Every structure is written in C-alpha cells, then in structure tokens.
Amino acid sequence: MSGLLNTKWGFSRSVREAPLFYILVGLGTIAGTALSLLSISPIKLLVFVAVINGVIAAALLILVLIVSNSRRLMGDCVNGYTANILGWLTIAIMAVASIAFFATGGISL
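Residues numbered from 1 in each chain as written. Predicted model: local features only at pLDDT ≥ 70, side-chain atom pairs only at ≥ 80, totals over all residues. Heavy atoms only, no water.

### What about the overall build of the protein chain?
Secondary structure assignment for the protein chain yields four helices and zero strands. Of the regular secondary structure in the protein chain, the N- to C-terminal order runs α-α-α-α. Projecting the C-alpha coordinates of the protein chain onto the three principal axes gives extents of approximately 45 × 45 × 15 Å. Counting every position in the protein chain, which comprises 109 residues, the buried fraction comes to 14%. When the accessible area of the protein chain is evaluated, it comes to approximately 8400 Å², of which 73% is carbon and sulfur surface. (Helix = DSSP H or I, 4+ residues; strand = E, 2+ residues; numbered from the N terminus. Buried < 20%, exposed > 50% of the residue type's maximum accessible area, 1.4 Å probe, protein only. Areas by Shrake-Rupley, 256 points an atom, 1.4 Å probe, with all protein chains shown as cover.)

### A closer look at the environment of L45
Relative to the helices and strands, L45 resides in helix α2 (residues 42–68). For the pair L45 and L35, spaced 10 residues apart in sequence, the C-alpha separation works out to 9.3 Å.

### Side note on the packing of aromatic side chains
Evaluated as defined, the whole model comprises four aromatic pairs. On the numbers, 5.0 Å between centres and 75° between planes, the contact of F11 with F21 is edge-to-face. Of the two residues, F11 is situated in the segment before α1 (19–37) and F21 in helix α1; the sequence distance between them amounts to 10 residues. Its relative accessible area of 13% is what places F21 among the buried residues. When the ring of F11 is compared with that of Y22, the centres are 6.0 Å apart and the planes differ by 75°; the resulting orientation is edge-to-face. Within this pair, whereas F11 is found in the segment before α1, its partner Y22 is found in helix α1, the two being separated by 11 residues in sequence. A residue is classified by how much of its surface remains accessible, and F11, at 62% relative accessible area, is exposed. Relative accessible area serves as the criterion here: at 23%, Y22 is assigned to the partly exposed category. (Phe/Tyr/Trp six-rings, centres within 6.5 Å; stacked < 30°, edge-to-face > 60°.)

### Some words on helix α4 (residues 81–103)
Its 23 residues give α4 an end-to-end C-alpha distance of 33 Å, which sits within 8% of 33 Å, the value for a rise of 1.5 Å per residue. Among the residues of α4, those classed as buried are N84, G87, I91 and S98. Along its buried surface, α4 packs onto α2. Backbone geometry just downstream of α4 places G105 in the positive-phi region, at approximately 100°. (Expected span 1.5 Å × (residues − 1). Contact = heavy atoms within 4.5 Å.)

This is the structure:
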C-alpha cells in the first residue's frame, strides 16, 4: 500500500522516514493477533483467502492484459499474439472455474 500511495516504505527506513509503512505493518500484526485470539481456524482462513484470490484473479488478469497491451504505457514491449491468446485463455478458464465453484455450492467453512 505504501508503494501504491507513492510513500517511502521498507524496513531499511526509519519510522520517521516511512510512517505509513510501519502503521500498516502494525495494523497487520494486530489483525493477525486478534484472529488468533478469536479462535478462528488458520486453515479455514487460508482456504477462504485462497477462494477470494481465485475469484478475483480473472478480473485482475484482465487489467494486466489491458496494461500489457497499451503502447502508451509499454512502448515497444507490448504483448505479442501468443501472450494475448494465452492470457485470454487463462482468463476464460479462471472465470469458468469461478462460476463452476459457485454453481456447485462453493465451499463450506
């Protein structure tokens, strides 16, 4: 997040140099501690997060393909024909897998 917000980040910087980075690290640590204290199964949480990643992956890949095909952004390093075919094929497979996942009742946590 610090990188996306164009602020300094990294453990090699001091708290004064990268305050947002250290705030985010602290929030993540507090959230992880709270989850362990609430008796939430870490395995179920990992499965849940993996499902979310699988569902949003197709949409994120579409964004990656849009960016990687933009001559304005990529110059001469845009995707070739094969990369585009493989990219859209991957998106289609992941979208079908997500639809099938929900059509079959998803997962029971």
